[in-house]
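Structure assessment
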Amino acid sequence: MKIQSNQLLGLAPWGLLCLLTQVVEACPTSPGSLSLPGLRAGFPLQSHPSRSVNSRAAGNGACKLQPTSVDLSEGIGATDRTFAPSTGTLNAYMIFIDFPDAPASEATEELHQLFVPAAPDWYTISSFGQLSLDITTDTSRFYRMPKESTYYPYDRGITSELLAEYIQDALDSVGNAINFAGTDVLYIVPTKAAKHISFSPTYMGELTAGDGTIIGKTVTFGQDAPDSWGYLVMNHETGHTMGLPDLYPSSDTGDSTTMYVGGHDVMGLISGALPDYFAWHKWKLGWFSDDQFDCVDGAGSTTHTITPVGTKEGVKGVVVRRDETTAIVAEVRTQNGADSSACSTGVLVYTVSSSTASGQGPIRVHDATPSSGGCGGDELNDAHFTFETGRETFVSEDGVTITVVGQQGDEYTVTVEVV
């Protein structure tokens, strides 16, 4: 029986971050390979008959969805949860641990270099310098855990209670040796010898360090970091501490890791071809402002020019509000910023639901090229709408039509019609 937990989030190999439930289950282990087929040159901007412009409100946040009570709601605004800072400086502390049955033989600096400076640099790029991940690291030693690595049942499904015990044991091993004051997120990195510590869940509850500091968010890394995901596992897990949900299906039904968003957004498949955060997430994190989103909240026809998610300026998305908890979003994905290796580009259309919990598909991408086989290893990686014949128009089941009517370089012009 699966029991929802507000404290445990995480990941395991092949993108199936450990289930957002009280019991974390084992996941497949191969991330697969990526191919990068050639990209088409941009079309010149085309002229079209003028259209009426109404039902549009830019700059007032009118299409923000309010958070709901579901776990890590995609709503934007105040919640009753406290998350790590997503703008300014996020202060993290990194420690290293080993075990009586798995003593470390490598240097702490070897593990440190798995994440730093690459993960902080990724945030600098994705946030346009608005978030600084500042990691203080104790590379002086491995702190010895009081129990063997096999005591913590990663292979049998670790509960939030046992993960809390794991973290508290690590903090007790540190004792008063470290002053954790001012720490927003604690990173615990095990020796590579601890093969049993296989995946990297995030604990969202509070624990107390030996110096009396309350640690509010903790990421416990596993062997999926050196074996599969590299530094991006830190960006995924830190995303949880800032309030972002899992975008892959957290179920044991055999559903594809990429069924909801393909390789878009590091909160889904960590090794995805387009790992930059969705425009919605950058809005949620405070990296884009209200006046960078055009809001459509009613019937009519409107025209919008959108600039890429990987660039700082311009309109970043068109948000078509459907009800209090649901919106359809159009944004532009190109080979900019964190998506520099994108295997497809164009206008990405997806549905956001603030009433759908983490791991249940709170964001779902709509495919412009269904059954194409995709690119970069996934069907949805080429889901982008473009000015090409047959790829111009998205039509929803509830009367929303979004059509690409022009392109100039990396900027796209779309019309939105709502009946």
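Residues numbered from 1 in each chain as written. Predicted model: local features only at pLDDT ≥ 70, side-chain atom pairs only at ≥ 80, totals over all residues. Heavy atoms only, no water.

If you check an unreviewed UniProt entry, the protein appears there as Peptidase M6-like domain-containing protein from Penicillium flavigenum.

Some thoughts on the overall build of the protein
Scanning the protein from N- to C-terminus turns up 6 helices and 19 strands. Residues classed as buried in the protein amount to 56% of the 419 residues present. By element, 48% of the accessible surface of the protein is carried by carbon and sulfur atoms, the whole surface being about 15300 Å². (Helix = DSSP H or I, 4+ residues; strand = E, 2+ residues; numbered from the N terminus. Buried < 20%, exposed > 50% of the residue type's maximum accessible area, 1.4 Å probe, protein only. Areas by Shrake-Rupley, 256 points an atom, 1.4 Å probe, with all protein chains shown as cover.)

Overview of the sheet that holds strand β18 (residues 400–408)
Within the open sheet, the 4 strands sit side by side as β12-β19-β18-β17. Their pairing is antiparallel. Single-partner strands in this sheet number two, and they are β12 (300–306) and β17 (393–395). Each strand axis lies, on average, 15 degrees off the axis of its neighbour in the sheet, ignoring direction. Strand direction decides the pairing type here: β12 and strand β19 (residues 411–418), joined by 7 bridges, are antiparallel. Residue pairing in the sheet places Thr-302 in a bridge with Val-416 of β19. (Pairing = 2+ DSSP bridges. Axes fitted to C-alpha atoms, helices over the stretch in contact; angles between N-to-C directions.)

Overview of the side chain of Thr-238
Mapped onto the fold, Thr-238 is located in helix α5 (residues 232–241). Here the side chain of Thr-238 touches Tyr-187 through a polar contact of 2.7 Å, side chain to side chain. Dropping the residues within four chain positions of it, Thr-238 is found in contact with Leu-90, Tyr-123 and Tyr-187. (Polar contact = N/O pair within 3.5 Å; in protein donor to acceptor, adjacent residues only side chain to side chain. Contact = heavy atoms within 4.5 Å.)

Considering the packing of aromatic side chains
With the rule as written, the count across this model stands at 20 aromatic pairs. When the ring of Trp-122 is compared with that of Tyr-277, the centres are 5.4 Å apart and the planes differ by 85 degrees; the resulting orientation is edge-to-face. Placement of the pair is Trp-122 in helix α2 (residues 118–126) and Tyr-277 in the loop between α5 and α6 (279–284), with a sequence separation of 155 residues. A network of ring pairs unites the aromatic residues Phe-99, Tyr-151, Tyr-152, Tyr-154, Tyr-166 and Phe-199 as a single cluster. Against the face of Tyr-151 rests Lys-147, its NZ or CZ located 5.3 Å from the ring centre. (Phe/Tyr/Trp six-rings, centres within 6.5 Å; stacked < 30°, edge-to-face > 60°. Lys NZ or Arg CZ within 6 Å of the ring centre and 35° of its normal.)

Considerations on the pairing of strand β16 (residues 363–366)
Only one face of β16 is buried: it carries Ile-363 and Val-365, and the other face, with Arg-364 and His-366, is open. Sheet topology note: the strand β15 (residues 346–353)/β16 ladder contains 4 bridges and is antiparallel. Within β16, the residue paired with Thr-351 across the bridge is Arg-364.

Focus: helix α3 (residues 160–174)
Think of an α-helix as turning once every 3.6 residues; residues three or four places apart then point the same way. Between the first and last C-alpha of α3 there are 21 Å, a value that for 15 residues agrees with the 21 Å anticipated at 1.5 Å per step. Listed as buried for α3 are Ser-160, Leu-163, Ala-164, Tyr-166, Ile-167, Asp-169, Ala-170, Leu-171 and Val-174. Directly after α3, the chain includes Gly-175, whose backbone phi takes a positive value near 60 degrees. (Expected span 1.5 Å × (residues − 1).)

Here we look at the nonpolar core
Membership of the largest hydrophobic core comes to 60 residues, with the highest contact counts inside it found for Phe-115, Tyr-187, Met-234, Tyr-277, Trp-280 and Tyr-350. With 4 residues, strand β3 (residues 88–98) is the largest single contributor of residues to this core. Aside from chain neighbours lying at most four places away, what touches Tyr-350 is Phe-278, Ala-279, Trp-280, Ala-327, Ile-328, Val-329, Glu-331, Ile-363, Arg-364, Val-365 and His-366. Listed in part, the 28 residues of the second largest apolar core include Tyr-93, Phe-199, Tyr-203 and Ile-215. (Core = buried A, V, L, I, M, F, W, Y, C linked by side-chain atoms within 4.5 Å.)

Side note on empty space enclosed by the protein
Within the structure shown, the criterion is met by 2 cavities of 30 Å³ or more. In this structure, the largest cavity occupies an estimated 50 Å³ of space. Leu-111, Leu-114, Phe-115, Val-189, Pro-190, Phe-221, Gly-222, Gln-223, Ala-225 and Pro-226 together form the lining of the largest cavity. Secondary-structure elements contributing two or more residues to the lining of the largest cavity are α1 (108–115), β6 (185–190) and α4 (224–229). Take the lining of the largest cavity: its biggest share by element is 3 residues, from α1. (1 Å grid on protein atoms, 1.4 Å probe; cavity = no way out; pocket = protein on both sides within 12 Å on 5 of 7 lines; lining within 4 Å. Points joined across faces, edges and corners; volume = space filled by probe spheres on them.)

Quick look at the state of the cysteines
By the definition in use, this model includes 2 disulfides. Across the disulfide, Cys-63 is cross-linked to Cys-295 (sulfur-sulfur distance 1.9 Å). A torsion of 65 degrees about the S-S bond marks the disulfide between Cys-63 and Cys-295 as right-handed. Note that Cys-63 is positioned in the loop between β2 (56–58) and β3 and Cys-295 in strand β11 (residues 293–296), a separation of 232 residues in sequence. Summarising the burial analysis for this pair, Cys-63 and Cys-295 share the class buried. (Disulfide = S-S within 2.5 Å.)

Focus on the pairing of β3
Every regular strand shows the same layout, with side chains that alternate between the two sheet faces. Where burial is concerned, most of β3 is hidden: 8 out of the 11 residues are buried. In this sheet, strand β4 (residues 131–137) lies alongside β3 in parallel orientation, the contact comprising 7 bridges. Across the sheet, the residue bridging to Asn-91 is Asp-134, located in β4. For β3 and β6, the ladder comprises 6 bridges, and the chain directions are parallel. Paired with Phe-96 across the bridge in β6 is Val-189. As judged from the 2 bridges shared by β3 and strand β5 (residues 143–144), these two strands associate in the parallel manner. Its bridge partner being in β5, Ile-97 is matched across the sheet by Tyr-143.

Overview of the pattern of salt bridges
All chains considered together, the criterion is met by 12 salt bridges. Its salt-bridge partner being Lys-64, residue Asp-290 comes within 3.0 Å of it at the nearest N-O pair. Placement of Asp-290 in the loop between α6 and β11 and of Lys-64 in the loop between β2 and β3 is noted, with a sequence separation of 226 residues between them. Since its relative accessible area comes to 22%, Lys-64 is described here as partly exposed. For Glu-110, the salt bridge identified is with Lys-192, shortest N-O distance 2.8 Å. With Glu-110 in helix α1 and Lys-192 in the loop between β6 and β7 (202–203), the pair connects residues that are 82 residues apart, well separated along the chain. Residue class for Glu-110 comes out partly exposed when judged on its relative accessible area of 36%. Among the charged side chains, a salt-bridge network with shared partners connects Lys-147, Glu-165 and Asp-169. (Salt bridge = Lys/Arg side-chain N within 4 Å of Asp/Glu carboxyl O.)

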